[in-house]
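Residues per chain, in single letters:
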Amino acid sequence: MKARFVPDGGPSPATRPRARVHPLYVRLTHWINVYAMACMFMSGWAIYNATPIFGFRFPPWATLGGWLGGATAWHFAVMWLLVGNGLVYLIGSVLGGHLRRDLLDVTPRAFARDLGAAMRLRLPHAPGRYNAVQKALYLGVLALGVLIVLSGLAIWKPVQLAELTALFGGFAAARVVHFIAMAGIGLFVVVHLALVVLVPRTLPPMITGRGPGVHDA
């Protein structure tokens, strides 16, 4: 059922009905992503440390796998979990209308308006409703997810997938693209966590699925 907001002057937050904000598949895929992304970041950093692209390495405590072979095993194993989880989210979002209803209706004008409000710390937020900035961020991270998977495949199978690897400009260039996509997703995670800290009431609905301020209509 479509959610709508309680108008001003309605019941107080304590007396508003607690309605469904996030369906079960969204919550499950979200928390699986938390685990999978942590493993992918840490094992990927260990792989990077074996042959750095840039002039720095990640600290050993931030890596997973212990050595190149172990890190590679972790990375490939969790990769399938992450891809499968992403497909479940995508299929559920398309079939349930979440993608069309909550994300794809963002416009440049709405994004500029909400970005200005966010920079003035006046951007309202309620569980179950995405503002234009959030919509753009979620769509952006989905695009980065596709890019990181494709560039990862180009690195993993540069001979078997020679055309894909060539599309990225070769093996070395594919590694750079993969790293940049990882950095972009990492930045999204940092912003996401910062927003949770600033608006902590958004966390419980991602656990229970229900929250105040909206009700089923």
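Residues numbered from 1 in each chain as written. Predicted model: local features only at pLDDT ≥ 70, side-chain atom pairs only at ≥ 80, totals over all residues. Heavy atoms only, no water.

Going by what an unreviewed UniProt entry lists, the protein is known as Thioredoxin reductase and is assigned to Bordetella flabilis. What the UniProt record of the protein gives under Subcellular location (unreviewed entry) is the line "Cell membrane". (UniProt positions renumbered as here; feature names shortened; annotations may be inferred.)

Caption draft 1: The overall build of the protein, seen in detail. Counting its secondary structure elements, the protein contains eight helices and four strands. Overall, the protein shows an N-to-C arrangement of helices and strands of β-β-α-α-α-α-α-α-α-α-β-β. Relative to its 217 residues, the protein shows a buried fraction of 33%. Nonlocal contacts in the protein, meaning residues at least 24 apart in sequence, comprise 69% of its contacts between residues at least 6 apart. Of the accessible surface of the protein, which amounts to about 13200 Å², a share of 72% is contributed by carbon and sulfur atoms. (Helix = DSSP H or I, 4+ residues; strand = E, 2+ residues; numbered from the N terminus. Buried < 20%, exposed > 50% of the residue type's maximum accessible area, 1.4 Å probe, protein only. Contact = heavy atoms within 4.5 Å. Areas by Shrake-Rupley, 256 points an atom, 1.4 Å probe, with all protein chains shown as cover.)

Caption draft 2: Quick peek at the packing of helix α5 (residues 132-156) against helix α7 (residues 171-198). Close contact between α5 and α7 brings their axes to 9 Å; oriented N to C, the two are set at 150 degrees. Between α5 and α7, the angle is such that the two are roughly antiparallel. For the pair α5 and α7, the sense of crossing is left-handed. Between α5 and α7, the contacting residues are Leu137, Tyr138, Val141, Leu144, Gly145, Leu147, Ile148, Ser151, Gly152, Ala154 and Ile155 on the first element and Phe171, Ala174, Arg175, Val177, His178, Ala181, Met182, Gly184, Ile185, Phe188, Val191 and His192 on the second. In the contact of α5 with α7, the residues fall into 16 nonpolar, six polar and one charged. (Axes fitted to C-alpha atoms, helices over the stretch in contact; angles between N-to-C directions. Parallel < 35°, antiparallel > 145°, perpendicular 65-115°, else oblique. Left-handed = near helix turned anticlockwise from the far one by under 90°. Nonpolar A, V, L, I, M, F, W, Y, C, P; charged D, E, K, R; others polar.)

Caption draft 3: Broad picture of a nonpolar patch on the surface. Residues Leu24, Leu28, Ile32, Tyr35, Trp74 and Leu81 make up a contiguous nonpolar surface patch of roughly 560 Å² in combined accessible area. At four residues, the largest contribution of residues to the nonpolar patch is made by helix α1 (residues 24-50). Its place among the elements puts leucine 28 in helix α1. (Patch = residues over 30% accessible without salt bridge, like charges linked within 9 Å, V, L, I, M, F, W, Y side chains within 5 Å. Salt bridge = Lys/Arg side-chain N within 4 Å of Asp/Glu carboxyl O.)

Caption draft 4: A look at helix α2 (residues 68-96). Its 29 residues give α2 an end-to-end C-alpha distance of 41 Å, which sits within 8% of 42 Å, the value for a rise of 1.5 Å per residue. Within α2 the residues assigned to the buried category are Gly70, Ala71, His75, Val78, Met79, Asn85, Tyr89, Gly92 and Ser93. A positive phi of about 85 degrees marks glycine 97, the residue just after α2. (Expected span 1.5 Å × (residues − 1).)

Caption draft 5: Seen up close, the environment of valine 133. If you trace the backbone, valine 133 turns up in helix α5. In this structure the C-alpha to C-alpha distance between valine 133 and aspartate 114, which are 19 residues apart in sequence, comes to 6.1 Å.

Caption draft 6: Here's a closer look at the confidence of the model for the protein. Chain-level pLDDT for the protein is 81 on average; 82% of the residues reach the 70-or-more range. Mean pLDDT across the elements of the protein ranges from a minimum in strand β4 (residues 214-216), with 40, to a maximum in helix α6 (residues 162-167), with 96. Note that residues 1-10 has pLDDT below 50 and, in this model, 20 contacts with residues that lie over four places away or in other chains. Every residue in residues 213-217 scores below 50 in pLDDT, and together they form 24 contacts with partners more than four places removed in sequence or on other chains. (pLDDT = per-residue confidence, 0-100.)

Caption draft 7: Region of interest: the side chain of histidine 75. Take histidine 75: it is sitting in helix α2. Accessibility expressed as a relative area gives 12% for histidine 75, which makes it buried. A polar contact is formed between the side chain of histidine 75 and the backbone oxygen of methionine 40, at a distance of 3.4 Å. A polar side-chain atom of histidine 75 sits 3.5 Å from the main-chain amide nitrogen of glycine 44. The residues contacting histidine 75, other than those within four sequence positions of it, are Met40, Ser43, Gly44, Ile47 and His178. (Polar contact = N/O pair within 3.5 Å; in protein donor to acceptor, adjacent residues only side chain to side chain.)

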